[in-house]
Amino acid sequence: MSAKTNLIKIGWDIGGAHIKYCVESRESDVIWYDIIDFDFWRDYAKLSDLIISICKEYHQEESSLVNYFTMSAEMCDCFDNRRAGVKYILNQIHKIKYSSYIFSKHGLIKFDSKQKIPQDSVGSYNWYASALYVSKFINDAILIDFGSTTCDFSIIKNGKIQNRRTSDIDGMFTKELLYTGCSRTPIYAHINEIMFRNKIYSIIPESFSSMSDINIILGNLSKGDIYSKSADGSSHSLLQSYKRVSRSFGFDYDRSKRNLIYSLCLKIYDIQVKLIDETLSFHSEKYFKRSNFVVVGLGLGSKIIRNMCNKNRYDYLDIRDILNSTIVNGDYLSNLFPAFVLNRLSK
């Protein structure tokens, strides 16, 4: 490769509901990044075509292009098991014919015919990529990635990642993974009824609304923040969020019920935040009982994590503070952080 050849790097996070990617040049200048709405369980056969189309968009003459992949879509129910999912995704990546690396718990592995990919160590390790990158900046931290569907806790002590998880079930056993998110999670995930002003309001266990509606109503997230579909497929406007939450409680929306709906939303929000706070406290006690650490917030719900930490007096650092020091308008990168860091870890 000549010294003048421009190297284009694309980091990919292949998820079950979204595909996230970040394009950078050799000089680590971010060219473009995006989150693609992609129902993997339905559209999985289109994966290689999607990757190729984006590679072609950025692969120009006298340039070289390299892809870096991490994944969590292997758990989709279109596969018999996770191992079959990993194998399918790797086969799709093989079809693209561009130079590619796969991220594993052992680091980036060149994807070619000579190198065997250890399939048990590449599925759902996107959280580890984020933690590995943050560990280069901060020695003692609990990284909380509060996304649309999950909340990941990564523990960094003395610059080393302390997590024990090797799979989703391990993550849930060790409290390093909570299946609760700030957008796609149904509002009945952690509670089925609410007592308010001497009345019990039951939550209908149907997918009428989600936590994105709760957070829009409470002002934690704006319409423009949400990158996932709403429960009914309509917009993420404040009015539509009120209507969806009303449906979950079995009544029709009208303006006279706004205060009631807001109060019910606050109860649901408080229960979710309490779960996250209790999990943070668990890891704090386990790993940092007699030492200082900082909480690093990441993902779509990082502002919620910040508010929780401020209320409970945890030292807090937003990942945006790191990104904005080098990248103009880097806020959105927090939502696709694993895709972004794969390019940086490739150095």
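Quick summary incoming for the structure in this document. (Residues numbered from 1 in each chain as written. Predicted model: local features only at pLDDT ≥ 70, side-chain atom pairs only at ≥ 80, totals over all residues. Heavy atoms only, no water.)

## A closer look at the pattern of salt bridges
Side chains that carry opposite charge are capable of pairing whenever their charged atoms lie near each other.
Piece 1. Per the stated rule, a full pass over the model turns up 14 salt bridges.
Piece 2. The closest approach of N and O atoms between Arg42 and Asp39, which form a salt bridge, is 2.3 Å.
Piece 3. Here Arg42 falls in the exposed class, since its relative accessible area comes to 55%.
Piece 4. Where Arg247 meets Asp232, a salt bridge forms, and the shortest distance between an N and an O atom there is 3.6 Å. Residue Arg247 is located in helix α7 (residues 238–248), and its partner Asp232 is located in the loop between α6 (211–218) and α7; the two are separated by 15 residues in the primary sequence. (Salt bridge = Lys/Arg side-chain N within 4 Å of Asp/Glu carboxyl O. Buried < 20%, exposed > 50% of the residue type's maximum accessible area, 1.4 Å probe, protein only. Helix = DSSP H or I, 4+ residues; strand = E, 2+ residues; numbered from the N terminus.)

## Comments concerning the environment of Lys160
Piece 1. If you trace the backbone, Lys160 turns up in strand β9 (residues 160–161).
Piece 2. Between the C-alpha atom of Lys160 and that of Asp140, which follows or precedes it by 20 residues, the distance is 8.4 Å.

## Section: the packing of aromatic side chains
Think of a pair of aromatic rings as described by two things: how far the centres are apart, and how the planes are tilted against each other in angle.
Piece 1. Overall, the coordinates contain 20 aromatic pairs when judged by the stated rule.
Piece 2. A ring pair is formed by Phe288 and Phe293, whose centres lie 4.8 Å apart and whose planes are at 25 degrees; its orientation type is stacked. For the pair Phe288 and Phe293, one class covers both residues: buried.
Piece 3. Feature note: the residues Phe38, Phe40, Tyr44, Phe79 and Tyr88 constitute an aromatic cluster, connected by ring pairs.
Piece 4. One residue, Lys157, lies across the ring of Phe288, its end atom 5.7 Å from the ring centre.
Piece 5. Lying across the ring of Phe282, Lys175 places its NZ or CZ 4.6 Å from the centre. (Phe/Tyr/Trp six-rings, centres within 6.5 Å; stacked < 30°, edge-to-face > 60°. Lys NZ or Arg CZ within 6 Å of the ring centre and 35° of its normal.)

## Some thoughts on unusual backbone geometry
Piece 1. Positive phi outside glycine occurs at Lys97, with the angle close to 65 degrees.
Piece 2. Position of Lys97 relative to the elements: it lies in the loop between α3 (82–95) and β5 (99–104).
Piece 3. Owing to a relative accessible area of 69%, Lys97 belongs among the exposed residues under this scheme.
Piece 4. At Lys175, a position not held by glycine, the phi torsion is positive, near 65 degrees.
Piece 5. Along the chain, Lys175 turns up in the loop between α5 (168–173) and β10 (177–178).

## With respect to the layout of surface pockets
Piece 1. What the largest pocket holds in volume is close to 770 Å³.
Piece 2. Taken together, 34 residues line the largest pocket, and the ones lying closest to its centre are Gly15, Gly16, Ser72, Thr149 and Thr150.
Piece 3. Secondary-structure elements contributing two or more residues to the lining of the largest pocket are β2 (18–25), α4 (126–134) and α11 (337–345).
Piece 4. Among the elements that take part in the lining of the largest pocket, α4 stands out by supplying three residues, more than any other.
Piece 5. Tallied by class, residues from the lining of the largest pocket come to 12 nonpolar, 14 polar and eight charged.
Piece 6. Looking at the second largest pocket, its volume works out to about 330 Å³.
Piece 7. As for the second largest pocket, its lining consists of 18 residues, of which Arg184, Ser210, Lys229, Ser230 and Ala231 are closest to the centre.
Piece 8. Residue classes in the lining of the second largest pocket are distributed as four nonpolar, 10 polar and four charged. (1 Å grid on protein atoms, 1.4 Å probe; cavity = no way out; pocket = protein on both sides within 12 Å on 5 of 7 lines; lining within 4 Å. Points joined across faces, edges and corners; volume = space filled by probe spheres on them. Nonpolar A, V, L, I, M, F, W, Y, C, P; charged D, E, K, R; others polar.)

## As for the packing of α4 against α11
Any two packed helices are characterised by the angle at which their axes cross and by the distance between the axes.
Piece 1. Remark: α4 packs on α11, axes separated minimally by 9 Å, with the N-to-C direction vectors making an angle of 55 degrees. With respect to α11, the element α4 is oriented oblique. Regarding α4 and α11, the two cross each other, and that crossing is left-handed. Here Asn126, Ala129, Ser130, Leu132, Tyr133 and Val134 of α4 come into contact with α11, specifically with Phe337, Pro338, Phe340, Val341, Leu342, Arg344 and Leu345.
Piece 2. A breakdown of the residues in the contact of α4 with α11 according to their chemical character gives 10 nonpolar, two polar and one charged. (Axes fitted to C-alpha atoms, helices over the stretch in contact; angles between N-to-C directions. Parallel < 35°, antiparallel > 145°, perpendicular 65-115°, else oblique. Left-handed = near helix turned anticlockwise from the far one by under 90°. Contact = heavy atoms within 4.5 Å.)

## A few points about the packing of α7 against helix α8 (residues 258–287)
Piece 1. Relative orientation of the contacting elements α7 and α8 amounts to 75 degrees, with a least axis distance of 11 Å. With respect to α8, the axis of α7 lies roughly perpendicular. Of the residues in α8, those touching α7 at Leu238, Tyr242, Val245 and Ser246 are Arg258, Ile261, Tyr262 and Cys265.
Piece 2. Here the residues of the contact of α7 with α8 are counted per class, giving six nonpolar, one polar and one charged.

## So, a nonpolar patch on the surface
Piece 1. On the surface, Met75, Ile169, Met172, Phe173 and Tyr179 cluster together to form a nonpolar patch covering roughly 510 Å² of accessible area.
Piece 2. Within the fold, Met172 resides in helix α5.
Piece 3. The class of Met172 is partly exposed, set by a relative accessible area of 42%. (Patch = residues over 30% accessible without salt bridge, like charges linked within 9 Å, V, L, I, M, F, W, Y side chains within 5 Å. Areas by Shrake-Rupley, 256 points an atom, 1.4 Å probe, with all protein chains shown as cover.)

## Topic: the side chain of Ser48
Piece 1. For Ser48, the location among the structural elements is in helix α2 (residues 47–58).
Piece 2. Looking at Ser48, the relative accessible area reads 6%, which means it is buried.
Piece 3. Excluding anything up to four places from it in sequence, Ser48 contacts Gln92, Lys95 and Ile96.

## Re the sheet that holds β2
Piece 1. Strand order across the open sheet formed by six strands is β3-β2-β1-β4-β5-β6, with mixed pairing between neighbours. Taken across any chain shown, the strands that pair with only one partner, and hence form the sheet edges, are β3 (30–37) and β6 (107–110). For this sheet the average axis-to-axis angle between neighbouring strands, irrespective of direction, equals 20 degrees.
Piece 2. Of the strand pairs in this sheet, β2 and β3 are connected by seven bridges, and their pairing is antiparallel. (Pairing = 2+ DSSP bridges.)

Limitation: the analysis is restricted to geometry and does not speak to function.
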